[in-house]
Structure formats: C-alpha cells, structure tokens
Amino acid sequence: MSPLDSQGVPAGELRELPDRELVLRCQRNETRAFDELVTRHQDRVYSAVARFCGNMEDAADIVQRAFINAFRKIQEFKGDSAFSTWIYRIAFNQAISFRRENRRTTVSIYSKDDDKVVEPAVEANPTEKAEGEETQKKVQQALEQLEEGDRQIILLKDLQGHSYEEIADILQIPKGTVRSRLHRARLELKSKLKSYIGTLK
Amino acid sequence: MNCAYDKEKLTGYYDGELSAAEKADVERHIAACSECLRELGELKSAALLVRELPRLRAPLSIAEGVSLEIQAAGKVHVLASFRRKILWASAAAAGLFLLVNVMYFTAAKQRAPLASSAPLSPAIARIPEAQKAAPEFAEKGDPAALRMEADRSLADEGLKRRAMEESRKDLAGSDGKRAGDKPGAAAPKADALNELERSKLAGAGKELPARPAEAPAAPPAAPVPAATAKPAAEPAPPKMEAPKPEPAKDAVVEKAAAKKESEPLAKSNADLKAKVASAVVPAELPPLNCTISSLQLSKSRKTLEDSLKKMGVAAQQPPQPMKAPRNRDSENTLVLEVTDSQLAKLREELEKPGDARLMVTEPSDMFMSQYKSGGIFGRKEPVAAPVARSAGAAPKDKDAKDGEDAAKNQAEAGAVPEAKRKVTLRMVEVKTLPRDPEELQRK
C-alpha cells in the first residue's frame, strides 16, 4: 500500500497523472496536485527564465511568482493549451515585467556553482571544460544582447526544443511568424557569435 | 548574398517544420546553391551553440515558496469560506428578524384601519352592547371582532334612540292617532294595569312575562347574532323591539295611551315614570374587561381605591387557588359591580392626573403589549392606531350626538336605575400611555 500524503492521495499516484488531470485536481482545490506540477515543470521553466534574464536569483524569484500566479489563476485555465505552454507564457511575461521594474546589473549565471547545472552530463577534460565554459559565456552574452522577442524564441526553440506550434501558443503569435522571427533571431545570434561559428566550421 | 531564395525556408528545413514538398524544394535548391547551403550551416551552428548550453536546476526555494504560498492561500480560502458562511448566516438571521417585524407590524396595521373605519362610541355604556351583540368574541377577547360587532350594534342603538325620541314627541303632543295605531292602544287601561302587575312580579324577583299585545321581545341579555343585526339604513320602527330600552319605552308609550283614553288613570307623566322606574329592575349587563394602563401603578391604584370608596363600590380580588404561585396579575386585578356611569366616572378620576388610562381591552392584547414592552424596537410610540377603544373617547359625529341627545332625553323622561355589570379591572404598568385612536388619527 502506497503512503498517503497530507490530502489522502497516494504519493506516487500524482506523478503518474498527466498535466491535464493535475490541473483538474488543482481546480478542485487539491493543492498537492499543484505541487506536483511545480516539481514537474520548474527546472525547464527556471532554465529558460535564467537564460532569458541572465541572473539566477532573479530567475528563481520570477519563476516562483509565475507559479504562484498560475495557482491563483488556475480556475481560469480552460485547458485549451498545455499547462507547460501556459506556465512558460506566465513566466516570460513575469520576467519581462520584472526586468522592466528592476533595471539592475545582471549577475552572470556562470558566477555560480556547477551543482546548479543539470546538463550536459558529459564528462570533459579540464581544457575542454574551460573552453566549453568560455563558449557558453559568450553564447549567454550574445543571447542577452538580442531583443527580448528574439531571445525568447531562440530559447524556446533551441534550448527547450518546443515546436513552432507550441512557440506560437506561448508567445501568442501566428505559426508563420514563428519561422520568420526565429530565422531573424538566428541570423542575429550568428552575427554576434561569428568567430565561434567560424571555429565550429 | 545574391540568391533570392526564401531563406526562412532554410530555418524551417533545419527545424523539420516544412511540408514534404517544401522540404524537397529546399533540398533541390541547396544542392545547387552554395550560398544557401553555407547559410544553412551557419544557422545550424548558432542553434547548436544555444542547444549545448547546460540546463539549470531550479533551486528548492521555488517549490518551497510556492507550496507555502499555496497553503497560506488555502487557509485564506478556508477562512474566506467560513467568513462567507458567517455572513450568510447573519444575513439570513437579519432577514428573518425583518420578516418577523414586518409580520408583526403588518398585523398591527391591519387592525388599525378597522379601528378608524367607523366612529367609536363616546360613552362607555355603549361598549357592553358590542359584547352583548357578539359575546362569543368578547369572551375570546378578540378586539377586532368585538369592535366590528360593537360598531354594528351601536348603529342600531342610535336608530333605536332616535325612534324613541320621535315616539316621545308624538306622545307629548295632543295627536293620539299614532298612539292609537299601536297594537297596545286597543286596551290602554288593561295595559296600564298589566304594567303594574309586571312591575310587582319583577320586584319579587320573577321574570317579566311578555305582554300579549306586543311582539315578544328578546331577553335583555340575550345575544343578538351578528348576522341578524339590522343595517343602519333600515327604518327605525323595527328597532323598537330591541331589548335594552324596552322597559322605559313601554312605560312611556303605555302611560301616554292611558292618559289619552282614561281620565282616572291619566296621572302626570312624571308620576307614572317614577312608578315604572322604581318598579323596573334592570337586568344585569354582561361583564366587561378593562385595563388601567398606568405610568405609576401604585399611585393609580390609590386613586382607584379612593374613587371606589367615594362611590361606595366594593372591589374584590378574584379568588386564587390555594397552592397557586404568587401571581402579580391577580394582585393587580379587581372585580367590581358598577354601573356604566360609575365606570365612566371612575375613568374620569383615574385619567385626571394624566398618568393613567382606562380602556376596554385586556392586558394580554397585542395592542397593550407594545406599551408594556416599549415596542419591539423599544420605541415609545405605537406603530399603528390601537385596536382597543378608549373607554371615554368622544368622537363628535352625528351618531354620537344622537346618542347624547337620546341619553339626555331618557334622563328627562325618567330616572331609570342603571344596570350594573361585572367589570374586571386589570392594572398594568406601562412605559407610555396608550393613545386614543382619534388622537393618532389627528397626528
């Protein structure tokens, strides 16, 4: 018999439920289901927001607020889109608002400990690791120099691997626009990373 | 950079978001266009640089903070729902309270128009007629029904008295036709003798036999059903059969007939009236329940006792069971045997200081309860015209004048001894004195 949580729900049961079912349970005031949604999506959302902001502390604050807002608006969630796209949209809107309200110097995510990094888990020798870190730093800097819209779309596609349809849903733009904006953003990023791209060749 | 090919397709091609036809088209083009092939490679490199960025693990503080916030919100939700329930319960209680009040005051208002719809009798002597007309209501203490019946009876009473006055005027003149038309005029002497016999029998405590020449009159205390009460518009003669003024009226009529027909028996009107008056023993009137509302009960009680002593009326307290608990209502209740004029005088004495009022009602009446308690909202003024009639309220309408004139004429015609009635007086201390219906209407 599986142990029950504080709300009488078997602990393992929630992990097996799809997002839609968890959302329905949240809408029935089963708060434990929302905890499961947070656990399930927080890393991906945090990762995208942290790359978007370039600041891990701000990202943590933004993501926490985004989940709390999502919980408060959970009754308004009709299920027309996936919970993941909905929480991304809330998180990016929160991040844009946050950055506009708090214009402060960003603390690079590379000044923090490595234990915050989830991937890649490929073992590398110290030289390669140093080169890799340098490249990542340059890429992050290039990302931060992009416009917010371009940065969002590149992170959603190339970092998070969302489809055009999902990106259109998150950013609330037509699917055709996704391709053109993504093409433009990549060209912009390519121009900022020209030296690295040349070495990659 | 000279190729005009739609390079956005290269992005779509790399991301695998093109249709099969578009994909084939791109593949054909890049096979022939080195520029587009190179750009595709650069786009791919830029995308790979981002893709190779390490994913970050969310700090634990996020989940903890969210969880705490949710729990707090849940508590707020529970508190809010509890508060909502409390509010609903309060609203329901307030609504019920208002409903009860509305029902209470609506009931009072429904009685008020009845109280003011018909003029009330000025003299307390008239009130018992109402109880006589509808004893079943009077016994039940239903003031509204009592009032309706009383008003109906009082209208009849006015007509009766008017008729009596007319007949008296006729008899006072020399015209004997009217008296001769009456059935009793055929044998006036015999009637006069019968009258004397009847008075002797009555003096001996026996019941008066009905005279054969006249229609049998109902016993004086017999209740007249409400359904048979005559409307005010009917002519006066049928009202002559009404029970109460019968002895005096008969005496006057027969005496006049005797004077006209037979000289030896034609004594003065006054002599015969005196004989008849001394001979006729009035029947006892039905009991009456009255309430003395007083601001200072002890003072009013003393005034009452003094007045009773002055009038020579003995008051008794109603008998109480031996083992009954102490009952203040019984202590404040007196049972009197008084005439109506004595009662009117008593009322005058009591109300003279201005801190008491004698009314024909019972303390248990809802009308009285609002004065005892100060009203449901503690208000000092009654919300509607009181249902009970004032014992001495004297509306100056036509009927009232008629009644006064009739009473005056009756007094002139002869001093008929007044009937006594059993009056139960209940004394109640009130916060404000009940008001007359007329006084309220004036306001």
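Remember, it's a predicted structure, so these values are computed and weren't measured experimentally.

*Asks:* Sorry, what's going on with the overall build of chain B here?
*Replies:* Looking only at helices and strands, chain B has 17 helices and six strands in total. Buried residues in chain B amount to 34% of all 443 residues. For chain B, restricting intrachain contacts to residue pairs at least 6 apart in sequence, the fraction spanning at least 24 positions comes to 79%.

*Asks:* For this particular structure, what's the right way to read the overall build of chain A?
*Replies:* Within chain A, the secondary structure is distributed over 10 helices and zero strands. Secondary structure elements in chain A, listed N-terminal to C-terminal, are α-α-α-α-α-α-α-α-α-α. Sorting the 201 residues of chain A into buried and exposed places 40% on the buried side. Taking the contacts inside chain A whose residues are at least 6 apart along the sequence as the reference set, 63% of them involve residues at least 24 apart.

*Asks:* Would you explain the nonpolar core in this entry?
*Replies:* Note that soluble globular proteins tend to have their nonpolar side chains buried in a common cluster. Of all hydrophobic cores here, the largest spans 69 residues; its most connected members are Tyr46, Val49, Val63 and Ala91 of chain A. Per-element accounting of this core gives the leading share, 11 residues, to helix α3 (residues 31–53) of chain A. Sequence-distant contacts of Val63 of chain A, that is, excluding residues within four places in its chain, are made with Gln42, Val45, Tyr46, Val49 and Ala91 of chain A together with Ala58 and Ile62 of chain B. Of all hydrophobic cores here, the second largest spans 19 residues; its members include Cys290, Leu334, Val338 and Val423 of chain B.

*Asks:* Can you help me understand the pairing of strand β6 (residues 420–429) of chain B in this one?
*Replies:* The side chains of a regular strand alternate, first on one face of the sheet and then on the other. Residues and elements named next belong to chain B. The sheet contact formed by strand β1 (residues 285–294) and β6 spans eight bridges and is parallel. Paired with Leu285 across the strands is Arg421, a residue of β6. In the sheet, strand β3 (residues 333–339) pairs with β6 via seven bridges, with the strands oriented antiparallel. Residue Val335 lies in a different strand from β6, and its bridge partner there is Thr424.

*Asks:* What am I meant to see in helix α14 (residues 340–351) of chain B here?
*Replies:* Structural remark: α-helix, 3.6 residues per turn; residues separated by three or four positions point the same way. Residues and elements named next belong to chain B. Counted at 1.5 Å a residue, the expected span for α14 with its 12 residues is 16 Å, and the 16 Å between its end C-alpha atoms agrees. Residues Asp340, Gln342, Leu343, Leu346, Arg347 and Leu350 constitute the buried set of α14. One side of α14 carries all its buried residues, which in axial view fall inside an arc of 155 degrees. If you follow the buried residues of α14, they end up packed against β1, α12 (297–311), β3, β4 (356–360) and β6.

*Asks:* Teacher, can you tell me more about helix α1 (residues 8–15) of chain B here?
*Replies:* For α1 of chain B, the buried fraction is high: six of the eight residues fall into the buried class. Burial in α1 of chain B covers these residues: Lys9, Leu10, Thr11, Gly12, Tyr13 and Asp15 of chain B. Buried residues along α1 of chain B sit in contact with α7 (148–159) and α9 (175–192) of chain A together with α2 (20–32) and α3 (34–51) of chain B. Just downstream of α1 of chain B lies Gly16 of chain B, where phi reads positive at about 70 degrees.

*Asks:* Mind showing me how you'd approach the packing of α3 of chain A against α7 of chain A here?
*Replies:* The relative placement of two packed helices is expressed as an angle between their axes plus a distance between the axes. Residue and element names in this part refer to chain A. Interaxial distance between α3 and α7 falls to 10 Å at its minimum, and their mutual angle equals 140 degrees. Judged by the inter-axis angle, α3 sits oblique to α7. Crossing handedness for the pair α3 and α7: right-handed. On the side of α3, the interface is formed by Ala48, Arg51 and Phe52, while α7 contributes Arg151, Gln152, Leu155, Leu156 and Leu159. By residue class, the composition of the contact of α3 with α7 is five nonpolar, one polar and two charged.

*Asks:* Even after reading the chapter, I still don't get the interface of chain A and chain B, so can you show me in this structure?
*Replies:* The extent of an interface is frequently quoted as the accessible surface area lost upon association of the parts. With 42 residues of chain A at the contact, the number on the chain B side is 32 residues. Looking at the side of chain A that touches chain B, the elements with two or more residues in it are α3, α4 (56–72), α6 (126–145), α7, α9 and α10 (194–200) of chain A. When residues in the side of chain A that touches chain B are grouped by element, the largest group, 11 residues, is from α3 of chain A.

*Asks:* Hey, could you run me through unusual backbone geometry in this one?
*Replies:* Glycine aside, a negative phi is what most residues show, and trans is what most peptide bonds show. Residues and elements named next belong to chain A. Even without being glycine, Asn29 reaches a positive phi, approximately 65 degrees. By the element assignment, Asn29 lies in the loop between α2 (19–27) and α3. Unlike most non-glycine residues, Gln172 shows phi in positive territory, near 60 degrees. Tracing the sequence through the fold places Gln172 in the loop between α8 (164–171) and α9.

*Asks:* Any chance you could explain the packing of α4 of chain A against helix α5 (residues 83–101) of chain A here in plain terms?
*Replies:* Residue and element names in this part refer to chain A. Running from N to C, α4 and α5 cross one another at 130 degrees; their axes reach a closest spacing of 9 Å. Judged on the interaxial angle alone, α5 and α4 are oblique. As for how α4 packs across α5, the hand of that crossing is right-handed. Within the contact between the two elements, α4 uses Asp58, Ile62, Val63, Arg65, Ala66, Asn69 and Ala70 and α5 uses Ile87, Ile90, Ala91, Gln94, Ala95 and Phe98.

*Asks:* I keep staring at the confidence of the model for chain B and nothing clicks. Help me out?
*Replies:* Close inspection of predicted coordinates is inappropriate for parts of the model with low pLDDT. All names here are of chain B. On average, chain B scores 65 in pLDDT, and the residues at 70 or more come to 42%. Low pLDDT, under 50, characterises residues 174–190; the stretch is placed with 28 contacts to residues that sit more than four places away or in other chains. Predicted confidence for residues 374–407 stays below pLDDT 50, and this span has 84 contacts to residues more than four positions away or in other chains. Overall fold confidence for the complex sits at a pTM of 0.44, while the interface term, ipTM, reaches 0.83.

*Asks:* Just to check I follow, could you spell out the pairing of β1 of chain B for this structure?
*Replies:* All names here are of chain B. Among the 10 residues that make up β1, nine are buried, leaving the element largely enclosed by the rest of the structure. Direction of pairing for β1 relative to β4: antiparallel, over a ladder of four bridges. In the strand pairing of β4, Ser294 is matched with Ala356.

*Asks:* Help me understand the environment of Thr291 of chain B in this model?
*Replies:* By secondary structure assignment, the location of Thr291 of chain B is in strand β1. Sequence spacing of Thr291 of chain B and Thr333 of chain B is 42 residues, and the spatial spacing of their C-alpha atoms is 9.1 Å.

*Asks:* Is there a simple way to think about the environment of Leu343 of chain B in this case?
*Replies:* For Leu343 of chain B, the location among the structural elements is in helix α14. Note: C-alpha distance between Leu343 of chain B and Val423 of chain B (80 residues apart in sequence) is 8.6 Å.

*Asks:* How should the environment of Asn29 of chain A be read in this particular structure?
*Replies:* Residue Asn29 of chain A is classed as partly exposed on the basis of its 15 C-beta neighbours within 10 Å. Along the sequence, Asn29 of chain A and Phe71 of chain A sit 42 residues apart, while their C-alpha atoms lie 9.9 Å from each other.

Conventions adopted
Residues numbered from 1 in each chain as written. Chains lettered and ligands numbered in written order. Predicted model: local features only at pLDDT ≥ 70, side-chain atom pairs only at ≥ 80, totals over all residues. Helix = DSSP H or I, 4+ residues; strand = E, 2+ residues; numbered from the N terminus. Buried ≥ 20, exposed ≤ 12 C-beta atoms within 10 Å, placed from the backbone. Contact = placed C-beta atoms within 7 Å. Core = buried A, V, L, I, M, F, W, Y, C linked by C-beta atoms within 7 Å. Pairing = 2+ DSSP bridges. Expected span 1.5 Å × (residues − 1). Arc of directions from axis to C-beta. Axes fitted to C-alpha atoms, helices over the stretch in contact; angles between N-to-C directions. Parallel < 35°, antiparallel > 145°, perpendicular 65-115°, else oblique. Left-handed = near helix turned anticlockwise from the far one by under 90°. Nonpolar A, V, L, I, M, F, W, Y, C, P; charged D, E, K, R; others polar. pLDDT = per-residue confidence, 0-100.

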